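A look at the structure
In case you want the letters, here they are:
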Amino acid sequence: MDILKGVRVLDFGRYIAGPYCAALLGDLGAEVIRVERIAGSEDRYVHPIDNPNGEGAMFMQMNRNKKGITLNPTKEGSQEIVKKLVESADIVVANLPPQTLKKMGIDYETISEYNEGIILTTVSAFGHGGPYSERVGFDGVGQAMSGAAYLTGHEEEPVKAYSPYIDYGTASLTAMGTLAAIIDREKTGKGQIVEGALFATSLAFMNTHIIEQAITKKNRKAIGNKSPYAGPVDMVKTKNGWIVVQVLGDPLFKRWAKLVRAEEFIEDERFLTDIKRGENGQILSDKTQDWCKDLTSEEALKLLAEAQVPAGPVNNLEDVLNDQHVKEMNFFQDIDYQGLKSPAPVMGLPIKLSNSDNKIKKSPPLLGEDTDSILLELGFTKNQIESFRKERII
């Protein structure tokens, strides 16, 4: 069952936060139309993967289950197309600054005149109403300004995460907000604005640590892969690689201590609570390192799994592709795309719904692939479409 069947989404997004939000809605069955610049939006070409057309890995992930049209909404004569698109739609997704939305004619004041039930889902760097509202920003800015980068890595050098989790988190939260707006519209008949912000998401994800700071004033510093709240928590080296071990709570600590033959630690004053174990984490990390130094990663992980102690390998990307669990769970779906020498392993909706089909049904669109068919459906004639093309509106 396609839960959002019959819902049309116009995706004016760029890069991750907007397009991934729209992709999640498409995974749930919505018809998503990606609206791009005539030459292709810049994010079409990010992370090149040897495609002669130039499409990159980011485009492969963000634009599954979407149709594609090209449109220059700032060009004179384009608003007739924008108006008809909005009239036909339920949701407009755009992670663009307010002034850009207005210039493109897709600000809420304009599009709600076309369609009272329209939902505008926006994402900005900082949200509207504060002194930073007009600033632009990417995921790394959110990581830095929320304290996350300061507490990551080591004290002498802040480090941001390689994966842009603030972008993905914001996209996921705005998709949730959009679903709530759809439910609300069922009751009221009215649309609304759903507003996400990278900085807001980053603060939400760091809120536990911010609460601690507000109350205790501990002024914590980065301590690498260890945790100040529990132990052992660290990445340790085996004979042939690295593994991560994470122990939280007394039952896990006792199982770990028995496994590594450190039963004397169980009654040791230094390790009686999670906080104490965090404060003395280096001793616990050293013990874990000593235990596994003569084991392979596979041997160590087998013993840790048997003892029910959370652990996993530190994989490189090729390891991820070859992981047996990844393969048997079918996390990735092989998607063919024109010009690619092999299928792209694309992950669709990362949650399962027992009454829904989670399969990706359509590969990402070629540039402008559906422009003509969508405009014809909206009532434009072939001659009008040809005129739009000559005028570089589409």
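Residues numbered from 1 in each chain as written. Predicted model: local features only at pLDDT ≥ 70, side-chain atom pairs only at ≥ 80, totals over all residues. Heavy atoms only, no water.

Moving on: the packing of aromatic side chains. Using the criterion set out here, one finds ten aromatic pairs in the structure. With a centroid separation of 5.3 Å and 80° between ring planes, the pair formed by F380 and F388 is classed as edge-to-face. Each member of the pair, F380 as well as F388, carries the same accessibility label: buried. What links up through ring pairs into an aromatic cluster is the set F253, W256, F265 and F271. Above the ring of F380, the side-chain terminus of K84 is found at 4.5 Å from the ring centroid. In this structure, R277 is placed above the aromatic ring of F253, and the distance from its NZ or CZ to the ring centre is 4.4 Å. (Phe/Tyr/Trp six-rings, centres within 6.5 Å; stacked < 30°, edge-to-face > 60°. Buried < 20%, exposed > 50% of the residue type's maximum accessible area, 1.4 Å probe, protein only. Lys NZ or Arg CZ within 6 Å of the ring centre and 35° of its normal.)

With respect to burial, helix α1 (residues 17–27) is a largely interior element, eleven of its eleven residues being buried. Burial in α1 covers these residues: A17, G18, P19, Y20, C21, A22, A23, L24, L25, G26 and D27. Trailing α1 by a residue or two, G29 shows a phi angle of about 110°, which is positive. (Helix = DSSP H or I, 4+ residues; strand = E, 2+ residues; numbered from the N terminus.)

A separate point is the sheet that holds strand β3 (residues 66–70). Ordered in space as β3-β2-β1-β4-β5-β8, the six strands form an open sheet in which the pairing is parallel. A strand with exactly one partner marks an edge of an open sheet, and here the two such strands are β3 and β8 (193–197). Neighbour to neighbour, the strand axes of the sheet diverge by 20° on average, direction disregarded. Helix-sheet contacts for α1 involve β1 (8–11), β2 (31–36), β3, β4 (91–94) and β5 (119–124), and the interaxial angle to β1 is about 160°. (Pairing = 2+ DSSP bridges. Axes fitted to C-alpha atoms, helices over the stretch in contact; angles between N-to-C directions. Contact = heavy atoms within 4.5 Å.)

This part is about the sheet that holds strand β11 (residues 311–313). Strand order across the open sheet formed by three strands is β9-β10-β11, with antiparallel pairing between neighbours. Two strands in the sheet have a free side with no partner beyond their single neighbour: β9 (233–237) and β11. Between one strand axis and the next, the sheet turns through 20° on average, direction left out of account. Of the pairings in the sheet, the one linking β9 to strand β10 (residues 242–246) comprises five bridges and is antiparallel in character. By the bridge assignment, M235 is partnered in β10 with V244. Taken strand by strand, helix α12 (residues 281–292) contacts β9 and β10, and its axis lies near 30° from that of β9. With respect to the sheet, helix α13 (residues 297–306) is in contact with β10 and β11, its orientation differing from that of β10 by roughly 20°.

This part takes up the environment of S124. Tracing the sequence through the fold places S124 in strand β5. Taking the relative accessible area as the measure of exposure, S124 reaches 10% and is therefore buried. Separated by 143 residues in the primary sequence, S124 and E267 have C-alpha atoms spaced 51 Å apart. In contact with S124, not counting residues within four places along its chain, are E195, G196, A197 and L198.

Nonpolar side chains collect at one region of the surface, where L321, M329, F331 and F332 lie side by side and expose about 300 Å² of accessible area between them. Inspection of the secondary structure puts F331 in the loop between α15 (324–328) and β12 (333–335). (Patch = residues over 30% accessible without salt bridge, like charges linked within 9 Å, V, L, I, M, F, W, Y side chains within 5 Å. Areas by Shrake-Rupley, 256 points an atom, 1.4 Å probe, with all protein chains shown as cover. Salt bridge = Lys/Arg side-chain N within 4 Å of Asp/Glu carboxyl O.)

On to the packing of helix α10 (residues 250–259) against α12. Direction vectors running N to C along α10 and α12 enclose 45°, while the axes themselves pass 11 Å from each other. Between α10 and α12, the crossing angle belongs to the class labelled oblique. The crossing of α10 and α12 is left-handed. Residues F253, W256 and L259 of α10 pack against L284, K287, T288 and W291 of α12. (Parallel < 35°, antiparallel > 145°, perpendicular 65-115°, else oblique. Left-handed = near helix turned anticlockwise from the far one by under 90°.)

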